[in-house]
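Observations on the model geometry
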Amino acid sequence: MKFADIEGNARVKAALAGMVDSGKVPHAILLHEDDGGGGVALALAFLQYLYCRKRGGGESCCECPACNKVSKLIHPDIHFVYPVVLSADSVSEEYVAGWRKLVLENPRFSENELYSALGFEGKNTVIGVREANALLQKLSRYSLEGGYTSVLVYLPEKMNQTTANKLLKILEEPPAETVFVLVTHNPEKLLPTIVSRCQTLRVDPPAAAESTVLRYDDGGLLSSLMDALVAKDLSATLAVGEQLAALPSRDSARMFCRYASEKIRRVFLVQQGLGSIAGDDTQVHDWASSCRKTFPRKALEAFDRCSALIGRNVNMKILFTDLVCGLYKNI
């Protein structure tokens, strides 16, 4: 996988190549993608460029032994971590054949496609403690081919608390020439201390997804809701809840939740000092300065839950009244 194989995200590709060219490779990089947004492809292109013996002009050579191994996902100094079935005896390495097949066939895979490829449909998945212990053991050894040892973590937000704390300890005191690349859909669900130790890059979604979500016209409902919440006006908040419940279809209600989640994610990024990634949306910056730092996490959980319940024939008025009341409580 080389950068030229990936459409779009010229800014991210240039930043990743520039890290290697400058000799200033951070020990932890966080790629924030939408589900199926190509974060893993970018991570692999970066790693191939990092390990390439003949790189130049912002591209790996695709011919040297290192490029060959990275492109086949068999480089001995690259370790892959991803959610597996909720079991004390499960680690990513046990499913690496399915992982390789999926990534090589479709590097823009979605979370559900991963679970389908590994046979995890309908099962609880997690990055557990045994995974963290196995990784610590691997990182305690010297790299097999000299140079960098790297770890690609897909969906680090699926770590349980103990695993997250173990990863944090590694990030605080990383072994020499060790690079972590984390690909996340929900950075707000990570420990803030982990996010703060990473170089964060926002992976732009495909144009169609951006058009559907970021340019969605909600008729000003989210603005009205946030204005009511910030003003601590319960009556106005409930009134917006009734308007949401009266949306013409469940699909439009679900679309509102997706749109609101993307906006709130940007609020989270601004509050974390990553305003350049969040963009220049004045409204988002205003909301970020007007709500608690705990609000984006709580709000995203609420919108995720609401979106899931919309498809289960739950009464819309009850659902959105519960949503806005929860937001009011946490603003």
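What comes next concerns the included structure. (Residues numbered from 1 in each chain as written. Predicted model: local features only at pLDDT ≥ 70, side-chain atom pairs only at ≥ 80, totals over all residues. Heavy atoms only, no water.)

**Section: the sheet that holds strand E6 (residues 178-184)**
- Strand order in the open sheet formed by five strands is E2-E5-E6-E1-E7, with parallel pairing between adjacent strands. Edge positions in the open sheet fall to strand E2 (78-81) and strand E7 (199-202), since each of these has one partner strand only. Each strand axis lies, on average, 15° off the axis of its neighbour in the sheet, ignoring direction.
- Here four bridges tie E2 to strand E5 (residues 149-154), and the two strands are oriented parallel to one another. Bridging across to E5, Ile78 finds its partner in Ser150. (Pairing = 2+ DSSP bridges. Helix = DSSP H or I, 4+ residues; strand = E, 2+ residues; numbered from the N terminus. Axes fitted to C-alpha atoms, helices over the stretch in contact; angles between N-to-C directions.)

**A closer look at helix H16 (residues 316-330)**
- For H16, spanning 15 residues, the distance from its first C-alpha to its last is 21 Å, which sits close to the expected 21 Å at 1.5 Å a residue.
- Within the sequence span of H16, burial applies to Met316, Leu319, Phe320, Leu323, Val324 and Leu327. Looking straight down H16, one finds its buried side chains confined to an arc of 120°; they lie on one side. Across H16 from its buried face, at more than 90 degrees, point the exposed residues Ile318 and Lys329.
- Tucked into the core, H16 has its buried residues touching helix H10 (221-230), helix H11 (234-245), helix H12 (250-271) and helix H15 (295-310). (Expected span 1.5 Å × (residues − 1). Buried < 20%, exposed > 50% of the residue type's maximum accessible area, 1.4 Å probe, protein only. Arc of directions from axis to C-beta. Contact = heavy atoms within 4.5 Å.)

**A look at the packing of aromatic side chains**
- Enumeration over the complete set of coordinates arrives at eight aromatic pairs.
- Residues Phe256 and Phe303 carry aromatic rings whose centres are separated by 6.3 Å and whose planes lie at 70° to one another, so their mutual orientation is edge-to-face. Placement of Phe256 in helix H12 and of Phe303 in helix H15 is noted, with a sequence separation of 47 residues between them. Of the two residues examined, Phe256 and Phe303, each falls in the buried class.
- Ring pairing ties together the aromatic residues Phe80, Tyr82, Trp99, Phe109 and Tyr154, which thus form one cluster.
- The ring of Tyr49 has Arg55 lying over it, and the distance from NZ or CZ to the ring centre is 5.8 Å.
- If you follow Lys232 out to its NZ or CZ, it ends over the ring of Tyr328, 4.5 Å from the centre. (Phe/Tyr/Trp six-rings, centres within 6.5 Å; stacked < 30°, edge-to-face > 60°. Lys NZ or Arg CZ within 6 Å of the ring centre and 35° of its normal.)

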